[in-house]
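Below, each chain spelled out in residue letters.
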Amino acid sequence: MPSRGLPQGVRGLRSFGGDRGGPVARAARAAAAVAIGIALLAPAQAKRVARLASSAGPIDVVEVARGLEHPWSLAFLPDARMLVTERPGRLRIVTPAGALSAPLEGVPKVHANGQGGLLDVALSPTFADDGVLLFSYAQPTASGARTAVARARIDWRAQSPALSGWTVIFAQRQAPSGGHHWGSRLQFARDGSLFVTLGDRYSYRDQAQDLSSHLGKIVRIFPDGRVPPDNPFVGTPGALAEIWSYGHRNVQGAALHPASGRLWTHEHGPQGGDEVNIGVAGANYGWPVITFGREYVIGTRIGEGSSRADVQAPLHQWTPSIAPSGMAFYDAERFAAWRGSLFVGALRGQMLVRLEFDGERLVREERLLEGLRERIRDVRQGPDGLLYLLTDSDEGRILRIEPAR
Ligand SMILES: [Ca+2]
């Protein structure tokens, strides 16, 4: 029996760590579709949205593209064009000038419900040779849906680029109903294995501590779906061999530290207790037993407390919650003052957070783009050394941050 982790009366509230996945009226969807059609005909010219002060001096926020419906993930192609997922189930190619391609044919049917849909996209480390990319999505099943990861190739020979030969390489064993907490960031490790973050699906949070469940985990697989033989729970009776770490709530940001190569993640707390964590193979990250967060609305404590000897403590936590999504370390030249910083998008917090570290010790948190009133879904460093953001709305945009000229 799935555990129902919430007290009666709290279930069904539409407040889920700030990642609303918002109910959108059909009329609004139709309007968005029309807007996307217009965007195809008339690519947006990059225009300045704001000039802001920052610790790196004055910065310009520039609109690169618009007309994206709840864009979720951005990945740069080798020629500086961008792959962008839209949560309802579309994958597009966007030129540096902001022209959106038609949705690529060949994307599987997704469970576009709540926070679910087409989610992350990542190029394989072998992309230059084989054109392989990976994407995560909410995969519909008879009982509900689950986070799945597929690989496919981009077929450039088609009249317009299309996905060919997609194959599922991983799918959660559990596929409950409900539309929340899919996790699903994809991050390749330096050894070529792939980390996949998996949410607790909101109503099933106790399974985050259960090693026989894929809910509330980070798994590590090879890009063909095989399990690396050095995964921490290989050979542990009753444990799923894909699991790399557990006790996670909803991880929507993952990146490798540019110096150490270690996996860093953040995750949504409930009411308070959003976390930044450094990855340790086999570690327990606590949810829902050890957390700084509290129950929605009623505010009661969750679990046992905020620390325990056998639970990995967060490097940083946000109370109140900012609802983090997207994560990138900055290691380019255009913002010399920001080299080594970690950038985190915030949905509920409507900002871009910069975290500055001395080694693995946080020394400064800077809050950028407050006042734009945009939910930030993803943040990436571009090949030009500038920062690129996705905004989460029916009329989502790609924004770029550049030094003011
Ligand atoms: Ca934790």
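Residues numbered from 1 in each chain as written. Predicted model: local features only at pLDDT ≥ 70, side-chain atom pairs only at ≥ 80, totals over all residues.

1. Comments concerning the overall build of the chain
Consideration 1: For the chain, the count of helices and strands is two helices and 24 strands.
Consideration 2: Looking at the 405 residues of the chain, the share that counts as buried comes to 48%.
Consideration 3: Taking the intrachain contacts of the chain between residues at least 6 apart in sequence as the baseline, contacts between residues at least 24 apart amount to 58%. (Helix = DSSP H or I, 4+ residues; strand = E, 2+ residues; numbered from the N terminus. Buried ≥ 20, exposed ≤ 12 C-beta atoms within 10 Å, placed from the backbone. Contact = placed C-beta atoms within 7 Å.)

2. Some remarks on the nonpolar core
Consideration 1: Core analysis: the biggest nonpolar cluster contains 88 residues, and V196 and L352 have the highest contact counts within it.
Consideration 2: The leading source of residues in this core is strand β8 (residues 145-155), at six residues.
Consideration 3: Residues contacting L352, with those up to four places away along its chain left out, are F343, G345, L368, L369, I376, V379 and L389. (Core = buried A, V, L, I, M, F, W, Y, C linked by C-beta atoms within 7 Å.)

3. Quick look at the environment of A65
Consideration 1: When you line up the elements, A65 lands in strand β2 (residues 59-68).
Consideration 2: Sequence-wise, A65 and G98 are 33 residues apart; in three dimensions their C-alpha atoms are separated by 4.5 Å.

4. A look at the sheet that holds strand β23 (residues 387-391)
Consideration 1: Read across the sheet, five strands follow the order β1-β2-β24-β23-β22 without closing on themselves; strand pairing throughout is antiparallel. Of all strands in the sheet, those with a lone pairing partner are β1 (47-52) and β22 (376-381), marking the two edges. Between one strand and the next, the sheet's axes are offset by a mean angle of 25 degrees, whatever the strand orientation.
Consideration 2: In terms of strand pairing, β2 meets strand β24 (residues 396-403) through seven bridges, oriented antiparallel. By the bridge assignment, E63 is partnered in β24 with L399. (Pairing = 2+ DSSP bridges. Axes fitted to C-alpha atoms, helices over the stretch in contact; angles between N-to-C directions.)

5. What about the sheet that holds strand β10 (residues 186-188)?
Whether parallel or antiparallel, the strands of a sheet pair through hydrogen bonds between backbone atoms.
Consideration 1: Spatially, four strands are ordered β10-β11-β12-β13 in an open sheet, and the strand pairing comes out antiparallel. Across the chains shown, the open sheet's two edge strands, defined by having one partner strand only, are β10 and β13 (243-246). Taken pair by pair, the neighbouring strands of this sheet meet at an average axis angle of 20 degrees, ignoring direction.
Consideration 2: Inspection of the sheet shows strand β12 (residues 217-221) paired to β13 by three bridges, in the antiparallel sense.

6. Section: unusual backbone geometry
Consideration 1: Between W287 and the following residue, P288, the backbone shows a cis peptide bond with an omega angle of -5 degrees.
Consideration 2: The omega angle of the peptide bond from T319 to P320 is 0 degrees, so this bond is cis rather than trans.
Consideration 3: Structurally, P320 is set in the loop between β17 (316-318) and β18 (324-329).

7. Concerning the pairing of strand β19 (residues 342-346)
Consideration 1: Within β19, five of the five residues are buried, which leaves it mostly tucked inside the rest of the structure.
Consideration 2: Side chains L342, V344 and A346 of β19 all project onto a buried face; the interleaved residues F343 and G345 project onto the opposite face, where all are buried too.
Consideration 3: Examined bridge by bridge, β18 and β19 share five bridges and lie antiparallel to one another. Bridge pairing links F329 to L342 in β19.
Consideration 4: Sheet topology note: the β19/strand β20 (residues 351-358) ladder contains five bridges and is antiparallel. Note that in β20 the partner of V344 across the bridge is V353.

8. Considering the confidence of the model for the chain
Consideration 1: When the pLDDT values of the chain are averaged, the result is 91; 89% of them are 70 or greater.
Consideration 2: A low-confidence stretch, residues 1-17 stays under pLDDT 50, and its non-local contacts, those more than four residues away or across chains, total 30 contacts.
Consideration 3: Considering only residues more than four positions removed or in separate chains, one finds that residues 22-44, a stretch of pLDDT under 50, has 23 contacts. (pLDDT = per-residue confidence, 0-100.)

9. Comments concerning the environment of A138
Consideration 1: On the secondary structure map, A138 appears in strand β7 (residues 132-140).
Consideration 2: For the pair A138 and V149, spaced eleven residues apart in sequence, the C-alpha separation works out to 8.9 Å.
Consideration 3: Beyond its immediate sequence surroundings of up to four residues, A138 is in contact with V110, H111, G116, G117, A145, T147 and W182.

10. Brief notes about the environment of R226
Consideration 1: By secondary structure assignment, the location of R226 is in the loop between β12 and β13.
Consideration 2: Spatially, the C-alpha atom of R226 lies 9.6 Å from that of S193, the residues being 33 residues apart in sequence.

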